[in-house]
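Overview (structure and organization)
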Amino acid sequence: MALASVLQSESVDFSNYGRQRHGFASGLYEAELGLESVGGDRLSFALSTSCSNEDGPDRKIEFLHGTTTLAFKFQHGVIVAVDSRATAGSYIASQTVKKVIEINPYLLGTMAGGAADCSFWERLLARQCRVYELRNKERISVAAASKLLANMVYQYKGMGLSMGTMVCGWDKTGPGLYYVDSEGNRVCGDLFAVGSGSMYAYGIVDSGLKQKDLTVEEACDLGRRAIYQATYRDAYSGGQVNLYHVHSEGWTRVSQSDVLMLHQQYQAEKA
Amino acid sequence: MAARYDRAITVFSPDGHLFQVEYAQEAVKKGSTAVGIRGKDIVVLGVVKKSVAKLQEERTVRKICALDDHVCMVFAGLTADARIVINRARVECQSHRLTVEDPVTVEYITRHIATLKQRYTQSNGRRPFGISALIVGFDCDGTPRLYQTDPSGTYHAWKANAIGRSAKTVREFLEKNYTEESIATDNESIKLAIKALLEVVQSGGKNIELAVIRRNQSLKLLESKEIETLVTEIEKEKEEEAEKKKQKKST
């Protein structure tokens, strides 16, 4: 605890507070504290500050708050684009993290927040989806899958889960995109970006989506570009851009592009 | 004393029967007849109304119940048991809407009811439900469905079926008369149900209760006036058939 007292002392008081009272969130509570810099937008995950890792003497969890993941619906399905950097404070732990979880051949989940939380709960979701398929002899809808996930994590609300995921898929009502997080939010939408680099990504996608009727090529380019721009400005995002396209037959892995390569490519195009 | 009630009431007999379940099926055979018919764009449920006592309010005895906007069921057997099953089914329909954001399919709710019934054949100190149910409705994609469950917890899909007192007679009538033409229109399907019940009911249209679900519409109970009209139509048709046969014979 000596190290914690050298760093922001407020978090120390609150971590004690958090541990004494059972029902209170631990990691998330502190993460929310130090972050007036991020606006009141709870949906956007906070900057990873050191206090989020100094939760207690035993806690050494890497939170993928520093990340950029995005997904948007368009005419031909859903584009899912993510970066691949994991940071612990200012240390880059990995540049090759897989932040898209393949729940089943027609459902994808993205990862932001705690890597373990995301991958565990989404694998559990995969199991539930398969059981549903066997019992009801038809694929589960994206709405139902996201509802199952949201209900599962809601039972652990306040116990320190950290997960912000987008459930993307194609069902009989067409493309589906839901944002689910460990706070209990579950929102349907056409466009979501989650993580510290989300604001930069929103800027690119919002301007690119103005022209309606994108082709698959254009949409992929847009997603790739948005992640690239986010990695350009956000220190906690980087590595590679992993791009997936969800269509009526399921999902396809479109590309994996190193951000530095993209940088050179876009610079060349500018010239 | 408590030890006695720990034992399952439904136990196997030496030759492999579950007697409690079979006795429950006997209880079902004592209930008033009910018939269900799956048409092309309509599903019909008909019941023989039990004659009410003079002072009894007729409307409190309803055997045809809606489980949701698009599914309904009729039962034969112990009314009290049916009330429990119907309550559970209604709650499950709404729970399904909540967790899956979609209305139940007829098969799903039938499976749920059947699983519930089976559980009671394998629990401590409980007896099986003494009802058979006919569950009808339309799925989201517009397909009409008719399922039957029985006290053992099995369920099957049917094109037309009957349960209760004279189920065998009615089923035989349906086997002879259920053809593509006989369900060609909504009206024809309703008349087929009435004809089937007229086989076993004594005093004609007065004792028949009829309900229909049409695609994308909710359950509608037919008024006694409508039933009377249809019964008179049927009787006219019968007379005309008889006339034709006479003429053929004489020529």
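Residues numbered from 1 in each chain as written. Chains lettered and ligands numbered in written order. Predicted model: local features only at pLDDT ≥ 70, side-chain atom pairs only at ≥ 80, totals over all residues. Heavy atoms only, no water.

**Here we look at the overall build of chain B**
The secondary structure content of chain B amounts to six helices and 10 strands. Taken along its principal axes, the extent of the C-alpha atoms in chain B is 75 × 45 × 40 Å. Counting the 251 residues in chain B, one finds 45% classified as buried. Long-range pairs, those at least 24 residues apart, make up 64% of the contacts in chain B between residues at least 6 apart in sequence. Of the roughly 14,100 Å² of accessible surface on chain B, a fraction of 50% belongs to carbon and sulfur atoms. Put simply, chain B has 41 plus and 35 minus side-chain charges, and the middle of one group is 5 Å from the middle of the other. (Helix = DSSP H or I, 4+ residues; strand = E, 2+ residues; numbered from the N terminus. Buried < 20%, exposed > 50% of the residue type's maximum accessible area, 1.4 Å probe, protein only. Contact = heavy atoms within 4.5 Å. Areas by Shrake-Rupley, 256 points an atom, 1.4 Å probe, with all protein chains shown as cover. Lys, Arg positive; Asp, Glu negative; His and termini not counted. Charge placed at Lys NZ, Arg CZ, Asp CG, Glu CD.)

**Examining the confidence of the model for chain B**
Residue and element names in this part refer to chain B. Averaged over every residue, the pLDDT of chain B is 90; the share at 70 or more is 96%. Mean pLDDT per element in chain B: helix α6 (residues 224-250) is the minimum at 89, and strand β7 (residues 155-157) is the maximum at 97. Across the whole predicted complex the pTM is 0.80, and at the interface the ipTM reaches 0.82. (pLDDT = per-residue confidence, 0-100.)

**Some remarks on the packing of aromatic side chains**
Residues and elements named next belong to chain A. Tallied over the entire structure, the rule returns 10 aromatic pairs over all chains. Judged by centre distance (5.0 Å) and plane angle (55 degrees), the rings of Y228 and Y266 are tilted. Of this pair, Y228 sits in helix α7 (residues 216-233) while Y266 sits in helix α8 (residues 259-270), and the two are 38 residues apart along the sequence. Here the two residues Y228 and Y266 agree in accessibility, since each one is buried. (Phe/Tyr/Trp six-rings, centres within 6.5 Å; stacked < 30°, edge-to-face > 60°.)

**What about the nonpolar core?**
As a rule of thumb, soluble globular proteins bury nonpolar side chains together. Core analysis: the biggest nonpolar cluster contains 29 residues, and B:I37, B:I190, B:I194 and B:L210 have the highest contact counts within it. Of all the secondary-structure elements, those providing two or more residues to this core are β1 (34-38), β2 (42-48), β8 (160-163), α4 (167-177), α5 (186-198), β9 (208-214) and α6 of chain B. Of all the elements, α5(B) adds the most residues to this core, at seven residues. If we skip the residues at most four places from it in the chain, B:I37 touches B:I42, B:V43, B:V44, B:L146, B:K159, B:A160, B:L174, B:Y178, B:I183, B:S189, B:L192 and B:A193. A:C129, A:I140, A:A143 and A:V180 belong to the second-largest nonpolar core, a separate cluster that totals 26 residues. (Core = buried A, V, L, I, M, F, W, Y, C linked by side-chain atoms within 4.5 Å.)

**Topic: the interface of chain B and chain A**
Taken residue by residue, the interface counts six residues in chain B and 10 residues in chain A. With both chains or domains summed, chain B and chain A bury close to 710 Å², and 39% of this area falls on carbon and sulfur atoms. A per-residue breakdown of the area chain B buries against chain A is headed by B:T99, B:V100 and B:E101, which together make up 55% of the total. Joining chain B to chain A, the criterion identifies two salt bridges. Every element with two or more residues in the side of chain B that touches chain A is listed here: α2 (79-100) and α3 (106-119) of chain B. (Buried area = accessible area lost by both parts, 1.4 Å probe. Salt bridge = Lys/Arg side-chain N within 4 Å of Asp/Glu carboxyl O.)

**A closer look at the packing of helix α6 (residues 198-208) of chain A against α7(A)**
Residues and elements named next belong to chain A. Closest axis-to-axis distance for the α6/α7 pair is 7 Å, and the angle between their directions is 150 degrees. The orientation of α6 with respect to α7, classified from their angle, is roughly antiparallel. α6 and α7 meet at a crossing whose hand is right-handed. Where α6 approaches α7, its residues Y200, A201, I204, V205 and G208 are matched on the opposing element by L222, R225, A226, Q229, A230 and R233. Class assignment of the residues belonging to the contact of α6 with α7 gives a composition of seven nonpolar, two polar and two charged. (Axes fitted to C-alpha atoms, helices over the stretch in contact; angles between N-to-C directions. Parallel < 35°, antiparallel > 145°, perpendicular 65-115°, else oblique. Left-handed = near helix turned anticlockwise from the far one by under 90°. Nonpolar A, V, L, I, M, F, W, Y, C, P; charged D, E, K, R; others polar.)

**Comments concerning α8(A)**
Residue and element names in this part refer to chain A. Between its first and last C-alpha, α8 extends 16 Å over 12 residues, near the 16 Å set by a 1.5 Å rise per residue. For α8, the full list of buried residues reads V259, L262 and Y266. Down the axis of α8, the buried side of the element spans an arc of 55 degrees, and every buried residue falls inside it. What points out from α8, more than 90 degrees from its buried face, is the exposed set L260, M261, Q264 and A268. Where α8 is buried, its residues meet α7, β11 (240-247) and β12 (250-258). A distance of 2.8 Å separates the backbone nitrogen of L260 from a side-chain oxygen at the start of α8, and that oxygen is part of D258. (Expected span 1.5 Å × (residues − 1). Arc of directions from axis to C-beta. Polar contact = N/O pair within 3.5 Å; in protein donor to acceptor, adjacent residues only side chain to side chain.)

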